[in-house]
Structure formats: structure tokens, C-alpha cells
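Chain by chain, the residues run as shown.
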Amino acid sequence: MKKATRQAYGETLVKFKEHPDLVVLDADLSAATKTDVFAKAVPEKFFNIGIAEADMIGTAAGLALGGKRPFASSFAIFAAGRAYEQIRNAVAYQKLNVTIAATHAGITVGEDGGSHQAIEDIALMRAIPGMTIINPVDDLETEAAIETILEHEGPVYLRLGRLAVDRVHEEKQPFVIGKAETLVSGNDGTIIATGLMVQEALDAAKQLAEQSIHVRVLNFSTIKPLDETLVLQAAKETPWIITAEEHSVVGGLGSAVSEFLSENQPTRVVKIGVQDQFGQSGNPELLKKHYGLTAGNIIKKIKELRN
């Protein structure tokens, strides 16, 4: 089954509509962020702030100070970029319970082009003290993550995609912030992936297993705080690590893994992601191929590491 995590986001908000403190804000993009589903179900808990992301985050901060748990929704390029100062000073500086729900992240926004493809948002949010960053792999994990966020103390950046993706989990599992999971075992190498690159990593691991190459696949849905225990274990038990993300290789998951290992367990790390360039308009699947965000490119890099 395929479903976009942004779709799961809107549907999950409705499931928790009875939560006494839940409120949802949007920057006039509710049809795309899928908060329109929530707006129709409980209009008294929904606020369309208009095309004014900075104002939306400031309003969310005020609601949080009043005891609410706001989810502020917009495209990632606007949520993380246009409202950065408000996220930093109004939300994170005060350690407020605000979730920035950023949809349409990465290059798979597709035809909207490079101006709308947020490939720097994780880097921006990682630099903010106390910010939690969650990038769910599928619809079930999105639902589980939101359930956990509703009880979490502090700001959260929830990264969501436009593209429908295959379900990785057969059933919803408890989501623990800061804990990654092992999806495939193996000691010939490790792939640490996040978001839709997890599906590509699983495909690559399956193809490699048919060639008697057994690589470990780890799903890092929480990028900050990083599951350092699992990273360290992989570095000690396998000869190299590949990170895979739909984000720039500068400042994202690959950077987080490399920074940690350089001080704790120096290990060969190869980063698969957007190589310090902007996106462009095109079909999402063709863009993934162009930027090397595919199982095929993962396999290519692994074979290069083994030579």
C-alpha cells in the first residue's frame, strides 16, 4: 500500500481531534498539507493564518504558552526557511510545545521546482538547540510519531513528504523519539537511511542479498536526537556506513552520523543525498534517479566500497 506521509498527517490529526489541547494552524495550504481534513472535522480547532508563516509560528507560540499543543503546517521550504527566526526565538528559545509540520520536503515535490524543494531544512533545524527532528518512513510511523509528539515536551520539526511511498511496517509500532530500528541484519556494511530513502535501502539490501552481500539497514526516523548507540554498534560491527537521505549531504543525517563517529569511532562514511546543489522541476521518480537517490546508486556505492 502506498500513501504519502502528508496524507497520513492530516488523517492522524482527525483521529486525535478529541485531544483537549490539540490545535492546528496552516499557512493557506491546507489542501496540500492535508490539514483540510482536520479543518472540516473540527473547525473550531483549526486556524488558517494565511500566507504568513512567521505570523503562524508566532501565533503557535502564543497558543503553546496558553497550554495548547499546536501543529503549525506549511511547505518545508516556507516552514523552515521563511519562519526560521520565529522558530528559533519564539518557539525553541522558550522550549515550547510547538510542532512544525513541514510537508513537501525534498526533491520529490517534483514539478514545483528547485525554489520549492527544501533540501536544507534538516540542517537548519539541527542547528537549533533543543529541537527534535522526526522524518517518518511511512503512514503508520507518521501516526505513531504524532501520538508520541502529543505527549512530548519541547519543540518538534516533523518532516513530511508529498510523494506516496510504500509501507515499511505491517502494523503500527510504538514510536520512541531518539530510537532508530534495525530493519535488515548484516555485517558486510551498514545503510543508515531516513524517510523515503529507507525504502530504497531495503530494495538495495534485497538485491545485494541475492548476490550473497548482506548489509544492515537502519531506519533513522529521528534525526535529532541521534540514536548514537545504534550508530556506534554499526560502526564497530561493520566495515563502513552509507547514509541515505532526501536532503543535502551538507548538514543532514549524513553529517550527524559523521560528526558523531569522527569523535567516537572513526569509520568510513559515504553520504548519499543531494550533492550541494539545488533541485529542479521534473517528475519525482526521474529526479530521484538524477540525484542518485535510488537503490541502484546505493548498490553502486556499496560495490565501490567493496573493491
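Residues numbered from 1 in each chain as written. Predicted model: local features only at pLDDT ≥ 70, side-chain atom pairs only at ≥ 80, totals over all residues. Heavy atoms only, no water.

Tell me about the overall build of the chain, and name the residues and values.
A tally of helices and strands in the chain yields 13 helices and 14 strands. Relative to the globule expectation of 19 Å for 307 residues, the C-alpha radius of gyration of the chain, 19 Å, shows essentially globular dimensions. In terms of principal-axis extent, the alpha carbons of the chain reach across some 60 × 40 × 35 Å. Per-residue burial for the chain yields a buried fraction of 59% across its 307 residues. (Helix = DSSP H or I, 4+ residues; strand = E, 2+ residues; numbered from the N terminus. Rg over C-alpha atoms; globule rule 2.2 N^0.38 Å. Buried < 20%, exposed > 50% of the residue type's maximum accessible area, 1.4 Å probe, protein only.)

Could you give me a rundown of the side chain of Asp 26, with the residues and numbers involved?
Tracing the backbone through its elements, the reader meets Asp 26 in strand E2 (residues 22-26). Here Asp 26 is buried and forms no salt bridge, its nearest opposite-charge partner Arg 6 lying at an N-O distance of 10 Å. Polar side-chain contacts of Asp 26 include one of 2.8 Å to the backbone nitrogen of Leu 29. When neighbours within four sequence positions are excluded, Asp 26 is seen to be in contact with Thr 33, Thr 35, Phe 46, Phe 47, Asn 48, Ile 49, Gly 50, Met 56 and Ser 73. (Lys, Arg positive; Asp, Glu negative; His and termini not counted. Salt bridge = Lys/Arg side-chain N within 4 Å of Asp/Glu carboxyl O. Polar contact = N/O pair within 3.5 Å; in protein donor to acceptor, adjacent residues only side chain to side chain. Contact = heavy atoms within 4.5 Å.)

Just give me the short version of the pattern of salt bridges, but keep the residues and values in it.
Counted under the stated rule, the structure contains 13 salt bridges. Of the charged contacts, one joins Arg 69 and Glu 153 as a salt bridge, the two residues approaching to 3.0 Å between their closest N and O atoms. Placement of Arg 69 in strand E4 (residues 69-75) and of Glu 153 in the loop between helix H8 (139-149) and strand E7 (156-159) is noted, with a sequence separation of 84 residues between them. Given the relative accessible area of 10%, Arg 69 is considered buried.

Describe the sheet that holds strand E12 (residues 222-224), listing the residues and the values that go with them.
Strand pairs in the sheet, formed through backbone hydrogen bonds, run parallel or antiparallel to each other. Overall, mixed pairing links the seven strands, which are arranged E3-E2-E4-E5-E7-E6-E12 in an open sheet. Among the strands making up the open sheet, the edge pair consists of strand E3 (46-48) and E12. On average, each strand axis in the sheet is inclined to that of its neighbour by 20°, with strand direction left out of account. (Pairing = 2+ DSSP bridges. Axes fitted to C-alpha atoms, helices over the stretch in contact; angles between N-to-C directions.)

Describe in detail the UniProt feature "domain: Transketolase-like pyrimidine-binding" (unreviewed entry) in the chain, supporting the description with residues and values.
The sites that carry the UniProt feature "domain: Transketolase-like pyrimidine-binding" (unreviewed entry) are, in the present numbering, residues 3-168. For residues 3-168, the helix share is 40%, the strand share is 18%, and the end-to-end C-alpha distance is 11 Å. (UniProt positions renumbered as here; feature names shortened; annotations may be inferred.)

Pulling in residues and values, what's your account of the sheet that holds strand E11 (residues 216-219)?
Spatial strand order, E9-E11-E10-E13-E14: five strands in an open sheet with mixed pairing. Each edge of the open sheet carries a strand with a single partner, namely strand E9 (181-184) and strand E14 (268-274). Averaged over all neighbouring strand pairs, the angle between strand axes comes to 25°, with direction disregarded. Note: E9 against E11, three bridges, orientation antiparallel. Paired with Glu 181 across the two strands is Asn 219, which belongs to E11.

Hey, could you go over helix H11 (residues 253-264) for me, with residue numbers and the actual values?
Given a rise of 1.5 Å per residue, 12 residues ought to cover 16 Å, and the 17 Å separating the end C-alpha atoms of H11 matches this to within 8%. Check the buried side of H11 and you find it contacts helix H7 (121-126), strand E10 (190-193), E12, helix H10 (228-237), strand E13 (240-248) and E14. (Expected span 1.5 Å × (residues − 1).)

A description of the side chain of Arg 6 should follow, citing residues and the corresponding values.
Its place among the elements puts Arg 6 in helix H1 (residues 5-15). For the buried Arg 6, no salt bridge exists, and the shortest N-O distance to an oppositely charged side chain is 8.4 Å, to Asp 36. Of the polar contacts made by the side chain of Arg 6, one reaches the backbone oxygen of Arg 162; its length is 3.5 Å. Beyond its immediate chain neighbours, meaning those up to four positions away, Arg 6 contacts Ala 32, Thr 33, Lys 34, Thr 103, His 104, Leu 160, Gly 161 and Arg 162.

Tell me what's going on with the environment of Tyr 291, and back it up with residues and numbers.
Relative to the helices and strands, Tyr 291 is located in the loop between helix H12 (284-290) and helix H13 (295-306). Separated by 17 residues in the primary sequence, Tyr 291 and Val 274 place their C-alpha atoms 6.0 Å from one another. Apart from the residues within four sequence positions on either side, Tyr 291 is in contact with Ile 107, Gly 273, Val 274, Gln 277, Phe 278, Gly 279 and Gln 280. A distance of 3.0 Å separates a polar side-chain atom of Tyr 291 from the backbone oxygen of Phe 278. Of the polar contacts made by the side chain of Tyr 291, one reaches the side chain of Gln 280; its length is 3.2 Å.

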